[in-house]
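The primary structure of each chain is shown beneath.
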Amino acid sequence: MFQGVKKVFFITGEPSGDKHASGVVRELLALNPDIEIEAVGGQNLKKAGAKLFSDHSKMGAVGLTPKTVIEHLTFGIRLVNYLKNEFKPDIVVLVDYGAFNLSVSKHLKKAGIKTFYFIPPQIWASRKWRLKTVKKNIDKVLTIFPFEKEMYDKAGIENIYVGHPLVKELPPKADRAEFFVRHGLDPKKKLVSVFPGSRMFEIKFLFNIFLKAVKIIEKSRDDVQFVFSHATNLKPDAFKCDYKIVNGENQELLSVSDALILASGTVALEAALYKTPMVIAYKGPLFFYLVYLLVRSIKKACLVNIITGKDIVPEFLMYRAKPELIADEILNILNNEKVQMFQRSGFDETEKLLSSKHCVEEAAQVIYTELSGDK
């Protein structure tokens, strides 16, 4: 039983963090409805029972433009002052959004505010020097990948593996027949779905490559149809093509497809959990790629390959992101059942390694235990 009212503040910076954090909030309030919870977040957190200090309007900008830097700086100062002088939380929970949250963590540490990090930055992939910031400013890290523990243990950072949120969050596979009817797809044809990215710079660099790959596949097989996924956060005219475009049904599309062409990201892990064979590609400005080569800690890009430590999913990065290579690999998947089985076996291994932990329940219990003083 708590002595006095306990307060928790969540800081998220984008829709995925808002979604994952909202699950933790629901579980916390189920454990004790008297906990006061406020957040920087979106509608998911609000519906879960958190009072919003701010939405993501000052958080969603991407890049290091002067405007972005100034907005983040001024918002960060206002947020820290509110936490120190008004809300005075027992725990602040940072969720993903590494650049902003790690910066804020320094000021929370100075203010003596206990700080947890749920879904920490992917330090295992690049910028390992961030471990120093985490060790100095974060009281406990709630990790979502099993391989992160060794890194944090070695650095002397208190951490606990709570499982990956996607394992329990993903909805069941969509009804393929119903999906095909609703979108006017031919049930006699294979479906290859294309996910060109959720940011405009990804569309700029990948869309035409993916489109050319589709045309190559189409020439090779007349029993294949194509759908392009349009991310909900993109403008309606972000890209145009003569193929069917589906908006806002990512998970349904991932689950009913026969093969996928994906921009590298979390979507690949979602696809793996649906056991849908895929290839991933990524391309961006040369300068940013050169910087990435300097700061990266691993050579793999797809989460499936990183988690298993194996080359399960073909990766076409930067200058290997060519339509011909992507098309050949998709045709290899469609034409070869052994290739499909190989990938699905890797997906099974990935799911097993991510464990059956219910991530948001585990995270909420860690936070609740800290609030209650039970060690």
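Each remark here, short or long, concerns the structure printed above.
Scope of this entry: the structure provided in the associated data block. The structure presented is a predicted model; accordingly, all values stated were derived computationally and were not measured.

Rules of the game
- Residues numbered from 1 in each chain as written.
- Predicted model: local features only at pLDDT ≥ 70, side-chain atom pairs only at ≥ 80, totals over all residues.
- Heavy atoms only, no water.
- Helix = DSSP H or I, 4+ residues; strand = E, 2+ residues; numbered from the N terminus.
- Buried < 20%, exposed > 50% of the residue type's maximum accessible area, 1.4 Å probe, protein only.
- Contact = heavy atoms within 4.5 Å.
- Areas by Shrake-Rupley, 256 points an atom, 1.4 Å probe, with all protein chains shown as cover.
- Lys, Arg positive; Asp, Glu negative; His and termini not counted.
- Charge placed at Lys NZ, Arg CZ, Asp CG, Glu CD.
- Phe/Tyr/Trp six-rings, centres within 6.5 Å; stacked < 30°, edge-to-face > 60°.
- Lys NZ or Arg CZ within 6 Å of the ring centre and 35° of its normal.
- Pairing = 2+ DSSP bridges.
- Axes fitted to C-alpha atoms, helices over the stretch in contact; angles between N-to-C directions.
- Right-handed = clockwise from strand over helix to strand, strands pointing away.
- Expected span 1.5 Å × (residues − 1).

Focus: the overall build of the chain
Line of reasoning, step 1. The helix and strand inventory of the chain stands at 16 helices and 13 strands.
Line of reasoning, step 2. With respect to the principal axes defined by its C-alpha atoms, the chain has extents near 70 × 40 × 40 Å.
Line of reasoning, step 3. The buried share among the 375 residues of the chain stands at 53%.
Line of reasoning, step 4. Considering only contacts in the chain between residues 6 or more positions apart, those separated by 24 or more positions represent 66%.
Line of reasoning, step 5. Here the chain displays about 18200 Å² of accessible surface, and carbon together with sulfur accounts for 53% of that area.
Line of reasoning, step 6. Side-chain charges in the chain split into 54 positive and 43 negative, and the spacing between the mean points of these groups amounts to 6 Å.

Side note on the packing of aromatic side chains
Line of reasoning, step 1. Using the criterion set out here, one finds 15 aromatic pairs in the structure.
Line of reasoning, step 2. Each ring, one from Phe53 and one from Phe75, has its centre 6.2 Å from the other, and the planes form 45 degrees; the classification is tilted. A residue pair is termed long-range when its members are at least 10 positions apart, and Phe53 in strand S3 (residues 51–54) and Phe75 in helix H3 (residues 66–87) qualify at 22 residues.
Line of reasoning, step 3. Looking at Phe75, the relative accessible area reads 2%, which means it is buried.
Line of reasoning, step 4. Considering the side-chain rings of Phe228 and Phe239, the 6.3 Å spacing of their centres and the 50 degrees angle between planes classify their relative orientation as tilted. Of this pair, Phe228 sits in strand S9 (residues 224–230) while Phe239 sits in the loop between S9 and strand S10 (244–247), and the two are 11 residues apart along the sequence.
Line of reasoning, step 5. Aromatic ring contacts, followed pair by pair, group Phe9, Phe53, Phe75, Tyr82, Phe87, Tyr97 and Phe100 into a single cluster.
Line of reasoning, step 6. In this arrangement the basic side chain of Lys7 is found over the ring face of Phe87, its NZ or CZ atom lying 5.2 Å from the centre.

Things to note about the sheet that holds strand S4 (residues 91–95)
Sheets are built from strands that pair by backbone hydrogen bonding, the pairs being arranged parallel or antiparallel.
Line of reasoning, step 1. With parallel pairing, seven strands are arranged side by side in an open sheet as S3-S2-S1-S4-S5-S6-S7. Strands at the two margins of the open sheet, each flanked by one partner only, are S3 and strand S7 (159–161). Sheet twist, expressed as the average angle between the axes of neighbouring strands with direction ignored, equals 20 degrees.
Line of reasoning, step 2. Sheet topology places S4 next to strand S5 (residues 115–118); four bridges connect them, and they run parallel. By the bridge assignment for S5, Val92 is matched with Thr115.
Line of reasoning, step 3. Its contacts with the sheet place helix H1 (residues 15–31) against strand S1 (7–11), strand S2 (36–40), S4 and S5, and it is angled at close to 165 degrees to S1.

Quick notes on the sheet that holds strand S12 (residues 278–282)
Line of reasoning, step 1. Taken together, the six strands give an open sheet; going across it, the order is S10-S9-S8-S11-S12-S13, and neighbouring strands pair in parallel fashion. Looking at which strands have only one partner, the edges of the open sheet turn out to be S10 and strand S13 (315–317). Geometrically, the sheet is characterised by an average inter-axis angle of 20 degrees between neighbouring strands, direction not taken into account.

Thoughts on the pairing of strand S8 (residues 190–195)
Line of reasoning, step 1. Counted residue by residue, S8 has five buried out of six residues, so it is predominantly covered.
Line of reasoning, step 2. For S8 and S9, the ladder comprises five bridges, and the chain directions are parallel. By the bridge assignment for S9, Leu191 is matched with Gln225.
Line of reasoning, step 3. At this point the chain moves from S8, through helix H9 (residues 200–220), to the parallel S9, and the crossover so formed is right-handed.
Line of reasoning, step 4. Sheet analysis places S8 next to strand S11 (residues 259–263), joined by four bridges and oriented parallel. Each bridged residue has a counterpart across the sheet, and for Val192 the counterpart in S11 is Ala259.

Quick notes on helix H4 (residues 98–110)
Because each turn of an α-helix spans 3.6 residues, side chains separated by three or four positions in sequence point in the same direction.
Line of reasoning, step 1. Between its first and last C-alpha atoms H4 spans 19 Å; for 13 residues at 1.5 Å apiece the expected length is 18 Å, and the two agree.
Line of reasoning, step 2. Turning to H4, its buried residues are Gly98, Phe100, Asn101, Leu102, Val104, Ser105 and Leu108.
Line of reasoning, step 3. Phi for Gly112, located one or two positions after H4, is positive at around 75 degrees.

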